[in-house]
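# Chain and residue survey
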Amino acid sequence: MDFSQYDLVIVGAGFFGATIAERAANELGRRVLVIDRRDHIGGNAYTHTCPRTGIEIHKYGAHLFHTPNKVVWDYLNRFTAFTDYRHRVFTSYKGQAYMMPINLGTICQFFGRRMSPDEARALIAEQAGELAGHDPQNLEEKAISLIGRPLYEAFIRGYTAKQWQTDPRELPASIITRLPVRYTFDNRYFNDTYEGLPVDGYTAIFERMLDHERIEVRTGIDYFEIREQIPAGTPVVYTGPIDRYFGYRAGELKWRTIDFEEEVLDVGDFQGTSVMNYADEDIPYTRILEFRHFNPERNYQTEKTVITREYSRFAERRDEPYYPINTAQDKETYRAYRELADAEENVIFGGRLGTYRYLDMHQAIGAALKCFEAEVAPRMV
């Protein structure tokens, strides 16, 4: 491959990399090469059609687009229309299904009586008062101080233990800064102004973003196998793991990962909703996704359905990292890598893996738009 023909090389074809590539080609008229070690574009937002059912699958877990940012919303609407999907989540606990996040409906159902908003507030305040005057020392104590022990034991303890593979009493209180409780019957999961799912799926967005004569996309390519072939002085936008870029010289950053167990079932509807969390600690998975419910506007067949069970655990080096653990040691390690990154003259680090932070899709796009204006464009004029 002749890398000398490209003005910019982008490592990673997720939202951060695709946004930079689209802007560089359309706004600056530059030739861009996008590479990705996976065999597809779209990063973790990649979607595809299940051949056995015709149902669109989110390969790497549910991706629900929502944003308060009109700039990001308007930008993405150049490449897709959105459905009017509004995300709602339910939690299974001891054989009952409850609305999430915790709201007035959840509280009334759990305690077995109808309450007014003020009555519910008073009840939760009373239960949270168990730890009044005590500085929470761990996640469990912090959660109880916010919502009381009964709701914590039902909806937070087991789910958190499975998410972190750690007893909540051994997790720092800082992990939970707040637990949302709504004293209305509103069970919409997100509060953002803009929300929906792309009409043609996420992969179609990336295909349109990268469909430009000045953009070349190569999948199945590991950057570390070709990096020495990129001419010195060629700007690189790197969205892979920052610790791997520097050979883990300052240590490994810790992440949580998810194992996905996909299954096709011979029923038209398995759970009646897109996402069902499982709060019971003796159930090994954290949630089940049923993809047909993400697109009720589509005329899917009704003989089969597709579900995915999610299992959370600590990531090893060979795993796909999803959520940064961000302990004090991790933050110190990342600072060391950030100093090394700042010294790299022609490499810009971005995205979730390149900046060691969790980014929703709209945040990745917003960060990429800012990065393009502040860092990419000035290097290419």
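Use the structure listed above.
Let us look at the structure shown here. Just so it is clear, the structure is predicted and the values come from calculations on it, not from any experiment.

### A word on helix 6 (residues 149–164)
The end-to-end C-alpha distance of helix 6 is 20 Å, clearly below the 22 Å that 16 residues give at a rise of 1.5 Å each. The largest bend along helix 6 measures about 40° and falls at Ile 156. Counting buried residues in helix 6 gives 12 out of 16 residues, a clear majority hidden from the surface. Here helix 6 has its buried residues at Leu 151, Tyr 152, Ala 154, Phe 155, Ile 156, Arg 157, Gly 158, Tyr 159, Thr 160, Ala 161, Lys 162 and Trp 164.

### With respect to the packing of aromatic side chains
Tallying each qualifying case throughout the model produces 31 aromatic pairs. Relative to Phe 82, the ring of Trp 73 lies with its centre 4.5 Å away and its plane at 25°, an arrangement referred to as stacked. Neither residue differs from the other here; Trp 73 and Phe 82 are each classed as buried. Where Phe 110 meets Phe 111, the ring centres are 5.0 Å apart and the plane angle is 90°; that geometry is what we call edge-to-face. For Phe 111, a relative accessible area of 24% translates into the label partly exposed. In textbook terms, an aromatic cluster arises when at least three aromatic residues are bridged by ring pairs, as seen for Tyr 223, Phe 224, Tyr 238, Tyr 245, Phe 246, Tyr 337 and Phe 349. Residue placement shows Arg 227 over the ring face of Tyr 245; its charged tip is 4.6 Å from the ring centre. In this structure, Arg 317 packs its charged tip against the face of Tyr 248, placed 3.8 Å from the ring centre.

### Thoughts on the sheet that holds strand 13 (residues 287–290)
The strand order 7-6-12-13-14-11-15 describes an open sheet built from seven strands, whose pairing is mixed. The outermost strands of the open sheet, each flanked by one partner alone, are strand 7 (96–100) and strand 15 (323–324). Bridging between strand 13 and strand 14 (residues 305–314) involves four bridges; their strand directions are antiparallel. Residue Arg 287 lies in a different strand from strand 14, and its bridge partner there is Glu 310. Along the sheet, helix 3 (residues 104–111) contacts strand 6 (89–93) and strand 7; its crossing angle with strand 7, the most-contacted strand, is approximately 155°. Of the strands in this sheet, strand 6, strand 7, strand 11 (255–265), strand 12 (275–278), strand 13 and strand 14 touch helix 6, which is tilted by about 95° from strand 6.

### Notes on the environment of Ile 57
With respect to the element layout, Ile 57 can be found in strand 4 (residues 56–58). Spatially, the C-alpha atom of Ile 57 lies 8.0 Å from that of Val 306, the residues being 249 residues apart in sequence. The residues touching Ile 57, leaving out its near neighbours within four places in the chain, are Tyr 46, Thr 47, His 48, Cys 50, Glu 262, Phe 291 and Val 306.

### Focus: the side chain of Thr 305
Tracing the backbone shows Thr 305 in strand 14. With relative accessibility at 0%, the residue Thr 305 sits in the buried group. In this structure the side chain of Thr 305 is engaged in a polar contact, spanning 2.7 Å, whose partner is the side chain of Glu 290. When near neighbours in sequence (up to four residues on either side) are disregarded, Thr 305 contacts Ile 55, Glu 263, Val 264, Leu 265, Val 267, Gly 268, Phe 270, Glu 290 and Arg 292.

### Quick notes on the side chain of Thr 53
Its location among the elements puts Thr 53 in the loop between strand 3 (47–49) and strand 4. Thr 53 gets classed as buried once you look at its relative accessible area, which sits at 6%. There is a polar contact of 3.1 Å between the side chain of Thr 53 and the backbone nitrogen of Ile 55. If we skip the residues at most four places from it in the chain, Thr 53 touches Val 264, Gln 301, Lys 304 and Val 306.

### What to know about the nonpolar core
In terms of nonpolar packing, the biggest core is built from 111 residues, with Leu 8, Phe 15, Ile 20, Phe 65, Phe 155, Tyr 223 and Val 376 touching the most fellow members. With 11 residues, helix 12 (residues 361–380) is the single largest residue contributor to this core. Among the nonpolar cores identified, the runner-up in size contains seven residues, and Tyr 278, Ile 283, Tyr 285 and Ile 307 belong to it.

### Some remarks on the layout of surface pockets
Approximately 250 Å³ is the volume found for the second largest pocket. Lining the second largest pocket we find 14 residues, and of these Tyr 223, Arg 227, Ile 230, Ala 232 and Val 347 sit closest to its centre. Partitioned by chemical class, the residues of the lining of the second largest pocket number seven nonpolar, three polar and four charged.

### Some points on the pattern of salt bridges
Per the counting criterion, the structure on display carries 31 salt bridges. Among the salt bridges present, the one from Arg 37 reaches Glu 320, with a minimum N-O distance of 2.5 Å. Placement of the pair is Arg 37 in the loop between strand 2 (32–36) and strand 3 and Glu 320 in the loop between strand 14 and strand 15, with a sequence separation of 283 residues. For Arg 37, a relative accessible area of 48% translates into the label partly exposed. Classification of Glu 320 as buried rests on a relative accessible area of 17%. We note a salt bridge from Glu 310 to Arg 287, for which the minimum N-O separation is 2.9 Å. With a gap of 23 residues between them, Glu 310 in strand 14 and Arg 287 in strand 13 connect regions that are remote in the sequence. Here the two residues Glu 310 and Arg 287 agree in accessibility, since each one is buried. Several salt bridges converge on common partners, so that one network encompasses Glu 140, Arg 157, Asp 167, Arg 169 and Glu 281.

Criteria and thresholds
Residues numbered from 1 in each chain as written. Predicted model: local features only at pLDDT ≥ 70, side-chain atom pairs only at ≥ 80, totals over all residues. Heavy atoms only, no water. Helix = DSSP H or I, 4+ residues; strand = E, 2+ residues; numbered from the N terminus. Expected span 1.5 Å × (residues − 1). Bend = angle between axes of the 7 residues up to and from the residue. Buried < 20%, exposed > 50% of the residue type's maximum accessible area, 1.4 Å probe, protein only. Phe/Tyr/Trp six-rings, centres within 6.5 Å; stacked < 30°, edge-to-face > 60°. Lys NZ or Arg CZ within 6 Å of the ring centre and 35° of its normal. Pairing = 2+ DSSP bridges. Contact = heavy atoms within 4.5 Å. Axes fitted to C-alpha atoms, helices over the stretch in contact; angles between N-to-C directions. Polar contact = N/O pair within 3.5 Å; in protein donor to acceptor, adjacent residues only side chain to side chain. Core = buried A, V, L, I, M, F, W, Y, C linked by side-chain atoms within 4.5 Å. 1 Å grid on protein atoms, 1.4 Å probe; cavity = no way out; pocket = protein on both sides within 12 Å on 5 of 7 lines; lining within 4 Å. Points joined across faces, edges and corners; volume = space filled by probe spheres on them. Nonpolar A, V, L, I, M, F, W, Y, C, P; charged D, E, K, R; others polar. Salt bridge = Lys/Arg side-chain N within 4 Å of Asp/Glu carboxyl O.

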